[in-house]
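Structural characterization, general
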Amino acid sequence: MTTATFNIWRGDAAGGEFTEYTTELSEGMVVLDAMHQVQAEQAQDLAIRWNCKAGKCGSCSAEVNGMPKLMCMTRMSDLPTDEPITIQPLKAFPLIKDLVTDVSWNYKVKKKIAPFKPRQPDFEDGSWEMHQSDVDRVQEFRKCIECYLCQDVCHVLRDHHMHEEFIGPRFLVYSAALEMHPLDTEDRREDLRETQGVGLCNITKCCTKVCPEGITITDNAIIPLKERVVDDAYDPLTKLVQLVTKKKG
Amino acid sequence: MDNYSKHEHDVLIIGAGGAGLRAAIEASAAGASVGLVSKSLLGKAHTVMAEGGMAAALSNVDERDSWKVHFADTMRGGQYLNNWRMAEIHAQEAPERVRELEAWGAVFDRTKEGKILQRNFGGHAYPRLAHVGDRTGLEMLRTLQDHGVHQGLDDYQECTITRLFKDGDRVTGAFGYDRESGHFRIFQAGAVIIATGGIGRAFKVTSNSWEGTGDGHSLGYEAGAELIDMEFIQFHPTGMVWPPSVRGLLVTEGVRGEGGALKNSEGQRFMYDDIPPLYENQTADTPEEGWRYVTGDREARRPAELLTRDHVARSIVREVKEGRGSPHGGVFLDIAWIKEKIPNAEEHIKRKLPAMYHQFMELAGIDITKEPMEVGPTTHYVMGGIRVDPESQMSTVQGLFAAGEAGAGLHGANRLGGNSLSDLLVFGKRAGEYAASFANEKGISDIDPEEIHRAEQEALDPLKRQNQSTSLNPYQLQFELQDLLQEKVGIIRKEDTLEEATKEIEGLAEKAKSVAVTGNRKFNPGWHTALDLKHLLTVAKACACSALTREESRGAHSRIDFPDKETGYWAKHTIGLRKGKDGDMEVVKTPIPEIPEKLQKIIGEQG
Ligand SMILES: Cc1cc2nc3c(=O)[nH]c(=O)nc-3n(C[C@H](O)[C@H](O)[C@H](O)COP(=O)(O)OP(=O)(O)OC[C@H]3O[C@@H](n4cnc5c(N)ncnc54)[C@H](O)[C@@H]3O)c2cc1C
Ligand code: SF4
Ligand code: SF4
Ligand code: FES
């Protein structure tokens, strides 16, 4: 019978410490299974968030040996078990208890982004003509499961705590999905530049590396957004042309 | 003793899955003040897991499709136990609901003409499921969430409702606790909508998220609402079987929709061996014809792999039982074989089934573009739930509405794939609309302080017991219940084991009274599990009781002691359950409403 030992963060905003737990391993087990086993057998009140155990809901984010991961998609067999595995909560958000953090900031940020505003429907039944090639890019962004791993790893939030000035990679992806939606008529460029801090991203690509959905956050979403914002700010002619024709390029 | 916060809303919605969110949007649009409560964070509800698509006769891929065909398919799939009026409304209104999602920003896969693409699914005569790869639920939930949060509703995230309040025969509100802090909340409301989803967590092997503990079923039942069709639990034929930690995880029917073949250990496409008479005319004779159907040949009939879920699940059980299963007790599902038929099969599979590709790669180390998957049945969906009025979704309790998986009637004895997501939209909207007008008309009434006190005590009990020597671990009890249902109320049932199950559930209910949890009220999953137990036990009892009552085999309900489908009594009755005066579960058998002639004719025409 093989076992693994974990150092799990236990505590809340007032303080806490790593506590050691040892549990049995079985074939195919993921970190979330091990946490559940610890919960059922040794620590009933160990706080964990999870829903689907299938990598689809983005609830079970935590730092496994310092790496931001979905616990339900991290297999035990991919981790070294000769020394204790550290499990701790995301660092970019305030701690509630154990592995659970307060992610409400993300909901507030999202609500401030101007919502989808479609053009008039193309057909009488209220539908539109859109081709697959027009929506491929947007569909990539819409794969996001809001696990906030990218938010956790981005140094602007994690180390510099600029939560007031910067919406973070997740919401740059969200803005990109809206901005590049073929039907959308809203213009979010000023917000992106003035209050949402697109300029604060210095393209380290750390966010892209941790995204469990494989979204190319930096290259496909952030860089094109930066370009749009810059065009808009420094090129009055483009702005004028965009105003009289359709706004998006 | 005001150690709780109090909130007032015209409409209180319990559950923020597809049904709850759609209801919230509608009720807000009608001018009602809406409170939307969910046990998990917004955007994480079980709906997010839905993969294959939502069924609506948009006729974008095959113009022969229409609401009439969809209606007839739904009724046939449900073995005619469905509420015909719900099936009619659903088929008629689904297309508009899907187009509405697009207007709110959803981005479906497209046809060559630039319309919403539709895919094949079991039991649907034509390609009918609007989808986005195999992450349709995410697209739907996110669209509703992102639209909904701008409609002025108040959301209470990670707040669990444990009890409904009543005044006479009318519902007046609900009691809940915040998971984060353990803080109590009282909601006073003109109308309450239950949109809490399913009961999958009552079983050991399930595709459902942890939320599927049947809370709404049990809250409704306790408040006097009638539950119906609780014997009909859908076991999805294709769940993962290996490795053990992912047993039950869903493998979307979309795999078979794209041509995936079910094979036994002898390499045989066993689904072609046994085609039920009800589907003979619609099903391909050979795998060759089935493949032609998948590739869009309009003369070809559906592959046998796309027969209804109840039948496919039973066929798999048969193969395994007769010794032709796969190494880990399932059968093989092979999509890689299509490389014999099309160039770039590998790419095609990854594009059409990206989530499945990753799921098997990451969790089982299997490359589905090269090797077959191993699959077996998993508890997936409950057709049964709160009996509702087909137009308004109001239950048998005044002011209490239900929608989505927690409601019942649309699916009869077996749900067709894709008919749930559309159900959430169609009936979520209706529930929101009618609940808002009910609240508007009747106003808000007071909650009895005694009831509040009782609800509080009930919630605190497991914590108070923590130092007693007789105390039991809530997780352990939950596991025992799951094992029990899996074994005795599963795919194949019979009288003696169902009777045993009923007794054992009683026993567990007794034990549940001494469940204790350690720790305090702050984000304490042990406490949450202890409070969910009551609901799990109620639905477990309801399933066992209904299954024992229905002495025939129909749709998802199979009795080896009554292997045949009846044409007499049971073909015309639904089984209802309600809480009797003495607190016992009472069985009510109700004749199903006669299908009007014009709809009979439609069913006849669809052969
Ligand atoms: C893996 C998988 C794939 C599927 N694929 C498809 C598909 O392709 N097509 C299709 O049509 N159907 C599919 N289904 C079925 C479909 O997803 C579900 O039936 C549907 O999403 C249920 O939605 P709902 O709105 O009724 O409830 P849910 O989405 O389950 O939401 C329930 C809500 O209620 C809340 N809640 C529950 N109890 C309480 C309580 N006590 N207090 C407060 N809140 C509470 C939860 O937090 C949650 O917000 C699939 C199901 C699974 C498991
Ligand atoms: S690329 Fe930009 S958004 Fe992403 S982690 Fe780096 S700084 Fe943050
Ligand atoms: S972009 Fe990727 S990492 Fe960021 S929240 Fe979405 S899924 Fe998670
Ligand atoms: S539990 Fe849903 S992503 Fe891990």
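None of the values given here were measured: they were computed from a predicted structure.

On to the packing of helix 5 (residues 215-222) of chain B against helix 15 (residues 525-549) of chain B. Residue and element names in this part refer to chain B. Packing of helix 5 against helix 15 leaves a shortest axis separation of 8 Å and a crossing angle of 80°. One element, helix 5, and the other, helix 15, form an angle in the roughly perpendicular class. For the pair helix 5 and helix 15, the contacting residues are Asp 215, His 217, Ser 218, Leu 219, Tyr 221 and Glu 222 in the first and Asp 532, His 535, Thr 538 and Val 539 in the second.

All names here are of chain B. The strand order 17-15-10-20-21 describes an open sheet built from five strands, whose pairing is mixed. Each edge of the open sheet is held by one strand with a lone partner, namely strand 17 (407-408) and strand 21 (585-591). As paired elements, strand 15 (residues 385-387) and strand 17 share two bridges and run parallel to each other. If you follow Arg 387 over to strand 17, its bridge partner there is Ala 408. Sitting on the sheet, helix 5 touches strand 10 (227-228), strand 15, strand 20 (573-579) and strand 21, and the angle it makes with strand 20 is about 70°.

Residue-level contacts link 54 residues of chain A with 64 residues of chain B. The three residues of chain A that bury the most area against chain B are Gln 44, Lys 56 and Arg 142 of chain A, which together make up 16% of that side's buried surface. Counting across the interface, chain A meets chain B through seven salt bridges. The residue Arg 142 of chain A makes a salt bridge to Glu 139 of chain B at a minimum N-O spacing of 2.6 Å. Those elements that place two or more of their residues in the side of chain A that touches chain B are helix 1 (31-41), strand 6 (95-97), helix 2 (104-112) and helix 3 (132-141) of chain A. Here the side of chain A that touches chain B takes four residues from helix 3 of chain A, the largest share from any one element. When its residues are assigned to classes, the side of chain A that touches chain B shows 27 nonpolar, 11 polar and 16 charged.

So, how was this worked out
Residues numbered from 1 in each chain as written. Chains lettered and ligands numbered in written order. Predicted model: local features only at pLDDT ≥ 70, side-chain atom pairs only at ≥ 80, totals over all residues. Heavy atoms only, no water. Axes fitted to C-alpha atoms, helices over the stretch in contact; angles between N-to-C directions. Helix = DSSP H or I, 4+ residues; strand = E, 2+ residues; numbered from the N terminus. Parallel < 35°, antiparallel > 145°, perpendicular 65-115°, else oblique. Contact = heavy atoms within 4.5 Å. Pairing = 2+ DSSP bridges. Buried area = accessible area lost by both parts, 1.4 Å probe. Salt bridge = Lys/Arg side-chain N within 4 Å of Asp/Glu carboxyl O. Nonpolar A, V, L, I, M, F, W, Y, C, P; charged D, E, K, R; others polar.

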